[in-house]
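Given next are the chains, with one letter for each unit.
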2 protein chains.
Amino acid sequence: VKDSLPIGVFDSGLGGLTVLEELRRALPREDFVYLGDVARLPYGTKSGNVVRRYAQRCVDFLLGQPVKAVIIACNTATAVALESVREQTQVPVYGVIHAGAFAGQEATSNGRILVLATESTVRSEAYLRAFHSLSDKNLVEQIACPLLVPLAEAGWFDHPITKEVIRTYLAQAKHKDYDTVVLGCTHYPLLLPSFRAVMGEEVRLVHSGAALARELEQELTRRSLVQSGGAPGKLRFFTTDPVSSHVPIVSTLFGSSVEFELVDL
Amino acid sequence: VKDSLPIGVFDSGLGGLTVLEELRRALPREDFVYLGDVARLPYGTKSGNVVRRYAQRCVDFLLGQPVKAVIIACNTATAVALESVREQTQVPVYGVIHAGAFAGQEATSNGRILVLATESTVRSEAYLRAFHSLSDKNLVEQIACPLLVPLAEAGWFDHPITKEVIRTYLAQAKHKDYDTVVLGCTHYPLLLPSFRAVMGEEVRLVHSGAALARELEQELTRRSLVQSGGAPGKLRFFTTDPVSSHVPIVSTLFGSSVEFELVDL
C-alpha cells in the first residue's frame, strides 16, 4: 500500500458527505474517493444480511480504485458490517460509531448520554457496546429518529417542522438529565441549526466526523501512510444512481460544482 | 390462465397494502399474493432504469406463483415501469395511475385537480399524461411530497406534525382553486385523518384503490377470469426483507395476525 493512494469513503447515500467534509478539513493534502450507494438507500430499514452484502460491494469497488484505507461513513453499515468487512479487507477499515462514542465520552461531564440514530443503528446496540468499551460509568440511552434523514434530504435544515420533530423525539427520553447528545447518523449534522434551537447551549452536541478524522490521522502516521506530496488533495465522487449536485445536502457542503460519476454495482 | 389462480399485487414496500385492502373489499372471493420489495425501497428516489429492473423481478416472482393478473400497487413503479412490464408479461398488468386519474376525473366539478405524489412520480409526469388522455379540459398541478411516506411509515397517521407538513406542501400550490386532490402514492391514504383535518370537507380526496378494484373486476369479467368458487379468498404475503406485523401500516390495515414469508429476489 502506498501513501500516495486516496482514502476511500462510502455511505448508503449522501449523508456521509458530512464525514468527508470533516476528513478533508483535517487532512487537506489527502485525496479522497467518495461512493454514495444511492441506488440502494436507505440501509437503515434493511436487515443485517442485506446491509453486509451491499457494504461489501461498496468496499470492493473502492479497493479497485485502489485506496489505502476505507472509511464506512454510515452508522448503519458500521453497526452491522464493520466486522465482516474488516475480515475480508487488507487495508485498514474505520467506522463512524467508535469515533462517535469516543467524542461523546470526551464531551460528557455527568456520564448521561443520549444517542439519536436510525432504527437499525439503535436496534444493533452498537453505540451501547462502543460506550461500554470506553467506560462502564456512563448511562447511555438511545432514541430512534426515522424522520430526521428525510428532513435532511428535503433540505429542511433550519425549519420549524424539523424543530418540532426533534422536540417530539427528545420527549421520548426516559432520563432527562443528559448533558451530551450524540448525532448517531451522518445526516444529522446538517440539521445542527434546528438541534441547537431546540436544545439550547448547555447540552453538548457531538458527531463522529471530527473524532474520526483525528483517529484516521494517527493511524495513517503510525502506518507511514500520510500523503507525502504538498499539493491540496483531490476529491472524486461516485454514486450508484444519478444524483444532481443541486440537492440541498451537496450544495450546502460542497457547492454546486461537484460532479458525480455513475457506477453500476 | 385459470380463474382459480390468485391475483398478484406488488409494491416497493407496504404502502401497496392500502390498494390490496380495496381490492379485497371489492373482490372478496379472489385469492391474492402480495409482494413487498422492502429490501429495495423506496423506489421513489431511484432512476427509471433501476426501478424497471426491480419491478420486472417482482413481476417474475409473481408469475412464478403463478397468478392470473398483476397489479402494480406503487405509483413510482407504475409511472416508469408499467409499459416495459406489460411488453414482457403474458397476463394482464394494471397500474395505479390510470385508476387514480380516472377517480380524480370523476370527482372534479371545476376541472382543477391537485396531485400529491413522490418526487419520481411527479418527475415522470405520468399523472399529467393520464389526465390528459381522459380530458383536455382539466388544469392539473402536481406537488412532490417526499416527507409523507416516512410520516406514514412512522405511524403518524393523525398527528400535528403530519398536518403541518401537509399544510406546508399545499401552500406550494400555484392554483388554489382545486376542488379535488389525488393521493398519488399508495402510502397517503393512511394519512387520511390528517388530510381531512387540513383540507376540510369541500375538497374531494381520491385515491386509486377503489377505482382500480372496479377496473379489475370489469377486466376479469370480460376475460372470464372471475374466481368461480364461493369460499372467501385467501391472502399470502411475501417480502424481500424481514418485516414485523407490528409495524403501524400492517397492524392498522390487517391486524397483527399477518405472516410475511421471506423471498430473496
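Above this text sits the structure in question.
All of these numbers come straight from a predicted model, not from anything done at the bench.

Enquirer: Whenever I open this one, the interface of chain A and chain B confuses me. Can you help?
Expert: By a widely used convention, the size of an interface equals the accessible area lost when the partners come together. Tallying the contact residues gives 24 residues for chain A and 24 residues for chain B. Remark: the boundary between chain A and chain B carries six residue pairs in polar contact (both at pLDDT 80 or more). Elements represented by at least two residues in the side of chain A that touches chain B include exactly helix H2 (48–63), helix H7 (148–153) and helix H8 (160–170) of chain A. No other element matches the five residues that H8 of chain A contributes to the side of chain A that touches chain B. Tallied by class, residues from the side of chain A that touches chain B come to 15 nonpolar, three polar and six charged.

Enquirer: Where do I start with the pairing of strand S1 (residues 7–11) of chain A in this structure?
Expert: Every regular strand shows the same layout, with side chains that alternate between the two sheet faces. Residues and elements named next belong to chain A. Of all the five residues making up S1, five are buried; the element is thus mostly covered by neighbouring parts of the structure. In S1, alternate side chains face the same way, and those of Ile 7, Val 9 and Asp 11 on one face and Gly 8 and Phe 10 on the other are all buried. As defined by bridge partners, S1 adjoins strand S2 (residues 32–36) across five bridges and the pair is classed as parallel. By the bridge assignment, Val 9 is partnered in S2 with Tyr 34. Handedness of the crossover is the feature at issue here: the chain leaves S1, passes through helix H1 (residues 17–26), returns alongside S2, and the resulting connection is right-handed. As judged from the four bridges shared by S1 and strand S3 (residues 69–72), these two strands associate in the parallel manner. Residue pairing for S3: Val 9 is matched across the bridge by Ile 71.

Enquirer: What is the right way to read the nonpolar core from this model?
Expert: As a rule of thumb, soluble globular proteins bury nonpolar side chains together. Counting 148 residues, the largest nonpolar core has Leu 17, Ile 71, Leu 148 and Phe 195 of chain A together with Ile 71, Leu 148 and Phe 195 of chain B as the members making the most contacts within it. Discounting residues that sit within four places of it in the chain, Phe 195 of chain B has contacts with Leu 116, Leu 148, Ile 166, Leu 183, Tyr 188 and Leu 205 of chain B.

Enquirer: Even after reading the chapter, I still don't get the side chain of Thr 118 of chain A, so can you show me in this structure?
Expert: Residues and elements named next belong to chain A. Mapping Thr 118 onto the fold places it in the loop between strand S5 (112–117) and helix H5 (119–124). On the basis of relative accessibility, which here comes to 13%, the residue Thr 118 falls in the buried class. Within the local environment of Thr 118, its side chain forms a polar contact with the side chain of Thr 76, the two groups lying 3.3 Å apart. Non-local contacts of Thr 118, meaning those with residues more than four positions away in its chain, are made with Gly 44, Thr 76, Ala 144, Val 149, Cys 185 and Tyr 188.

Enquirer: Even after reading the chapter, I still don't get the pattern of salt bridges, so can you show me in this structure?
Expert: When charged atoms on two side chains of opposite charge get close, those side chains can pair. In total, this model carries 24 salt bridges over all chains according to the counting rule given. Between Glu 164 of chain A and Arg 167 of chain A there is a salt bridge, with its nearest N and O atoms 2.7 Å apart. Residue Glu 164 of chain A and its partner Arg 167 of chain A are located together in helix H8, separated by three residues, close to a single helical turn. Looking at Glu 164 of chain A, the relative accessible area reads 35%, which means it is partly exposed. Take Arg 167 of chain A: its relative accessible area is 40%, and that puts it in the partly exposed class. One salt bridge connects Glu 261 of chain B with Arg 236 of chain B, and the closest N-O pair in it is separated by 2.8 Å. With Glu 261 of chain B in strand S10 (residues 260–262) and Arg 236 of chain B in strand S9 (residues 235–239), this pair connects stretches of sequence that are 25 residues apart. Judged by relative accessible area, Glu 261 of chain B falls into the partly exposed class, the value being 30%.

Enquirer: So what exactly am I meant to see when it comes to the relation of the copies chain A and chain B here?
Expert: Note on the chain copies: they are related by a rotation about an axis and a translation along it. Least-squares fitting of chain A to chain B yields an RMSD of 0.0 Å, with the transformation described by 0.0 Å of translation along the axis and a rotation of 180°. Both copies of the chain, as the preceding transformation shows, are related through a two-fold rotation axis. When each C-alpha of chain A is compared by its distance to the rotation axis, Arg 40 of chain A comes out closest, at 3.0 Å. Mapped onto chain B, 100% of the interface residues of chain A are again interface residues, and the two copies thus contact each other with one and the same surface.

Basis of the calculations
- Every chain's residues receive numbers from 1 upward, in the order its sequence appears when written.
- Numbering of ligands from 1 and lettering of chains from A proceed in the order in which they are written.
- pLDDT decides what is reported in this predicted model: residues at 70 or higher carry local features, side-chain atom pairs at 80 or more are listed and counted, and totals for whole chains, interfaces and linings draw on all residues regardless.
- Only hydrogens and water are set aside when side-chain values are computed; all heavy atoms of the structure are taken into account.
- Here, residues are in contact when the closest pair of their heavy atoms is within 4.5 Å.
- For the purposes of these results, a polar contact is taken to be a pair of N or O atoms within 3.5 Å, where, inside protein, one atom must be able to donate a hydrogen and its partner to accept one; residues adjacent in sequence count only when each atom of the pair is a side-chain atom.
- Labels follow the DSSP assignment, with helices taken as runs of H or I lasting at least four residues and strands as runs of E lasting at least two, numbered in each case from the N terminus.
- Under the convention adopted here, Pro, Cys and the residues Ala, Val, Leu, Ile, Met, Phe, Trp and Tyr are nonpolar, Asp, Glu, Lys and Arg are charged, and Gly plus all remaining residues are polar.
- Each residue is placed in one exposure class: buried if its accessible area under a 1.4 Å probe, protein chains only, is under 20% of its type's maximum, exposed if it is over 50%, and partly exposed if it falls in between.
- Pairing between strands is defined by DSSP: at least two bridges between them are needed.
- Handedness of a crossover: with both strands directed away from the viewer, a clockwise path from the first strand across the helix to the second marks it as right-handed.
- Only buried residues count toward a nonpolar core. Its members are Ala, Val, Leu, Ile, Met, Phe, Trp, Tyr and Cys residues joined through side-chain atoms within 4.5 Å.
- By definition, a salt bridge exists where a carboxyl oxygen of Asp or Glu is found within 4 Å of a side-chain nitrogen of Lys or Arg.
- Superposing copies: least-squares fit, C-alpha atoms only, residues required to have pLDDT of at least 70 in both.

All quantities given are derived from atomic positions and should not be read as evidence of function.
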